[in-house]
Amino acid sequence: MTTTIWHNPRCSKSRQTLQLLRDNGIEPEVVEYLKTPPNAAELTAVLTALQMTPRELMRTKEAVYKEMALSDDGLSDQQLIDAMVNEPKLIERPVVTHDGKAALGRPPEQVLALF
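Presented here is an overview of the structure given in this document. These numbers were taken from a predicted model, which means no experiment stands behind them.

Procedures and definitions
Residues numbered from 1 in each chain as written. Predicted model: local features only at pLDDT ≥ 70, side-chain atom pairs only at ≥ 80, totals over all residues. Heavy atoms only, no water. Helix = DSSP H or I, 4+ residues; strand = E, 2+ residues; numbered from the N terminus. Polar contact = N/O pair within 3.5 Å; in protein donor to acceptor, adjacent residues only side chain to side chain. Contact = heavy atoms within 4.5 Å. Core = buried A, V, L, I, M, F, W, Y, C linked by side-chain atoms within 4.5 Å. Buried < 20%, exposed > 50% of the residue type's maximum accessible area, 1.4 Å probe, protein only.

This part covers the side chain of T17. The residue T17 is located in helix 1 (residues 12–23) in this model. Polar contacts involving the side chain of T17 include one to the main-chain carbonyl oxygen of K13, which spans 2.8 Å. Non-local contacts of T17, meaning those with residues more than four positions away in its chain, are made with I5, P94, V96, G105, P108 and V111.

The next thing to look at is the environment of A41. Within the secondary structure layout, A41 lies in helix 2 (residues 40–50). Here the alpha-carbon distance between A41 and Y65, two residues 24 residues apart in the chain, equals 21 Å.

Among the nonpolar cores identified, the biggest contains 21 residues, and W6, L43, L57 and L90 are the most heavily contacted of them. For this core, the elements supplying multiple residues, two or more each, are helix 2, helix 3 (63–67), helix 4 (77–86) and strand 4 (101–104). Ignoring anything within four residues of it in the chain, the contact list for L57 reads L43, L47, L50, M52, M84, L90, I91, E92, V95 and L104. If you look at the next biggest cluster of nonpolar residues, it comprises eight residues, including L21, V96, V111 and L114.

This part covers unusual backbone geometry. Residues R93 and P94 are joined by a peptide bond in cis, for which omega reads -10°. Relative to the helices and strands, P94 is located in the loop between helix 4 and strand 3 (95–98). Going from R106 to P107, the amide bond is cis rather than trans, its omega being 0°. Within the secondary structure layout, P107 lies in the segment after strand 4. The backbone phi angle of Q51 is positive, close to 55°, even though this residue is not glycine. With respect to the helices and strands, the residue Q51 is situated in the loop between helix 2 and helix 3. Judged by its relative accessible area of 73%, Q51 is exposed. Although it is not a glycine, D99 adopts a positive phi angle of roughly 55°.

Shown next as structure tokens:
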């Protein structure tokens with residue numbers, strides 16, 4: 001089974017999660033999602049695996065969140081997903097997927113439940 005991490009090397013939690021995986025003998029496929037953002041289908045699949053809504057996976061403190069008026073409760077899930085696809089820095093990180101399951105590495109130890 002392939003393990004994947006949506007990784008931002010500038011994020012301490014993302015670096016800690018990647019190191020934790022490696023310390024446990026897991027060498028994931030590293031996807032720098034800011035350079036290679038997920039498409040809407042991939043993001044929807046991850047949201048389903050995480051059992052989260054799009055808003056729950058959004059970084060609401062990012063300036064672009066305010067600039068795009070994403071706090072509007074009238075926005076649909078699809079509109080929020082499209083915003084994350086177009087502005088991947090809105091996606092909370094790191095996200096680890098394995099065997100059809102997913103976990104958010106906040107705290108990093110949370111991802112170990114996938115194995």
